[in-house]
Amino acid sequence: MKPRLIVSRQIAPDVVTRIHQEYDCPYEGKEMSAAEVIAALHAHKADALLITSHVRYGAAEIAAIPDHVKILATYSVGTDHIDIAACKARGLQASNTPNVLTECTADLALLLMLNAFRRGAEYEAIMRKGWRVGYGMGEMMGRRMSGKTLGILGMGRIGRAVAQRARGFGMRILYHNARRLPAELEAGAEYVADFRAMLPQIDVLSLHAPAGPSTTGIMNAETFALMKPGAVFINTARGALVDEDALLDALQSNHLFAAGLDVFKSEPEFDLRFAALPNVFLTPHMASATVETRNAMGYRALDNIAAVLAGRPPLDPLWT
Ligand code: DGY
């Protein structure tokens, strides 16, 4: 008999194929609320649950998961949607999918950065409207990205992959992290122990820290004001890190030259004031959205589930 699995959302087709080979899973590919998921876990007597970061599993939802479920695996590196302490308290194994999305997330950060410096959103809109009127040499000018100073908040795997790419653009790299990295991981990046002290020194800030008590709202009116006039702001981490009213003020007043944003406080109902600003390049939380990476994430989540159902710890445990 195959183990029984519930999947809470539409996932990559190749991963669905593997699920049908290995699991008894009533997969419909629809987005389920936590209440629908819990009902399905009971109805299907599921052994495992595969979720995504779109729905929050707080203490109440974790408590409602039936005992026959041995693991809650999230198809994400981010874990801020899961009450990990509640999982641990009731002995429910939990896992995420680190590593496999590092490269694609870093690629998207660079995509946002280039588009923010070079007015990508405006140029694209002009072309889609037919162009037709030529621009003088002094019009529609962006800012040069190569050779500038990049500040990275969070120098984990993704932060370091962004730094590696930025070095190709001849950028100087400063970073702030909970602790300084060994020299071989810094690879020339300069540690700044005080995050606020880093902000006036950089031309672009890219966020790569997880959402949590120490990072929630870390970018606010005060910290945006510390950034250089004309700086660029990039977020592929989590919307919770940013006071969005403060960011809108910084963009509307042109204190910041531009922003590139993949994540928002509310998703998918993001604040439409961002869409009205020409100096913002926007993507709908898609940093990991390539066939290669979404497959790798799904397979890693299934490997975590298989380990636990075989009586082993998860490969990527969220608690020990
Ligand atoms: C992640 O894996 O955390 C991505 O942001 C998708 O949720």
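Per-chain numbering applies: the sequence of each chain, read as written, is numbered from 1 onward. Local features in a predicted model are, by the rule used here, given only for residues with pLDDT of at least 70; side-chain atom pairs are given and counted only at 80 or more, and totals for whole chains, interfaces and linings are based on all residues. No hydrogens and no water enter the side-chain calculation; it runs on all heavy atoms of the structure.

On to the packing of helix 5 (residues 102-117) against helix 7 (residues 157-168). Put simply, helix 5 and helix 7 touch, their axes get as near as 8 Å, and they point 50° apart. Classified by the angle between their axes, helix 5 and helix 7 sit oblique to one another. The two elements helix 5 and helix 7 cross, and the hand of that crossing is right-handed. Contacts between helix 5 and helix 7 pair Thr102, Glu103, Thr105, Ala106, Asp107, Ala109, Leu110 and Met113 from the former with Arg157, Ile158, Ala161, Val162, Gln164 and Arg165 from the latter. Classes in brief: Ala, Val, Leu, Ile, Met, Phe, Trp, Tyr, Cys and Pro nonpolar; Asp, Glu, Lys and Arg charged; the others, Gly included, polar. In terms of residue class, the contact of helix 5 with helix 7 is built from seven nonpolar, three polar and four charged. Helix axes use the C-alpha atoms of the stretch in contact, all axes being lines fitted to C-alpha atoms, and the angles between their N-to-C directions lie in the range 0 to 180 degrees. In DSSP terms, a helix is any run of H or I states spanning at least four residues, a strand is any run of E spanning at least two, and both are numbered starting from the N terminus. Under this scheme an angle from 65 to 115 degrees is roughly perpendicular, one under 35 degrees roughly parallel, and one over 145 degrees roughly antiparallel; angles in between are oblique. It is the rotation of the near helix from the far one that decides the hand of a crossing: anticlockwise by less than a right angle makes it left-handed, clockwise makes it right-handed. We call two residues contacting when some pair of their heavy atoms lies within 4.5 Å.

Moving on, we come to the site of the ligand. Being near a molecule or strand, for a residue, comes down to having at least one heavy atom within 4 Å of it. In the vicinity of the ligand, the residues found are Ser53, Ser76, Val77, Gly78, Leu101, Arg238, His285 and Met297. In protein, a polar contact requires one atom able to donate a hydrogen and another able to accept it; more generally it is a pair of N or O atoms within 3.5 Å, and residues adjacent in sequence count only if both atoms are side-chain atoms. Here Arg238 contributes a side-chain N or O atom positioned 2.7 Å from an oxygen atom of the ligand. Surface accessibility in these figures is a Shrake-Rupley result with a 1.4 Å probe; residues are shielded only by whichever protein chains are displayed. Considering the ligand on its own, with 230 Å² of exposed area, one finds that the protein chains cover 88% of that surface. For the shell around the ligand, the per-class residue count stands at three nonpolar, four polar and one charged.

Next up on the list: the domain arrangement of the protein chain. Reported domain spans reflect what an automatic or database domain assignment gives. Entries for the protein chain in the domain assignment read domain 1 (5-100 + 291-309) and domain 2 (102-282). The gap between the C-alpha centroids of domain 1 and domain 2 is 31 Å. Between domain 1 and domain 2, the residue contacts involve seven residues of the former and five residues of the latter. The quantity reported as buried area is the accessible area (1.4 Å probe) lost by two parts once they are put together, taken as the sum for both. Carbon and sulfur atoms supply 42% of the area buried between domain 1 and domain 2, which totals about 540 Å² over both sides. On the domain 1 side of the interface with domain 2, the three residues burying the most area are Asp80, Asn99 and Thr293, jointly 66% of the side's total. In what follows, salt bridge is the name for a side-chain nitrogen of Lys or Arg lying within 4 Å of a carboxyl oxygen of Asp or Glu. Our count for the contact surface shared by domain 1 and domain 2 stands at one salt bridge.

This brings us to the sheet that holds strand 7 (residues 190-191). Strand pairing requires that DSSP identify at least two bridges connecting the strands. Strand order across the open sheet formed by seven strands is 7-6-5-8-9-10-11, with parallel pairing between neighbours. Both edges of this open sheet fall to strand 7 and strand 11 (280-282), since each of them pairs with a single strand only. Relative to strand 7, strand 6 (residues 172-176) runs parallel, the two sharing two bridges. Looking at the pairing, Tyr175 lines up with Tyr191 of strand 7. Sitting on the sheet, helix 11 (residues 244-252) touches strand 9 (231-235), strand 10 (256-261) and strand 11, and the angle it makes with strand 10 is about 135°.

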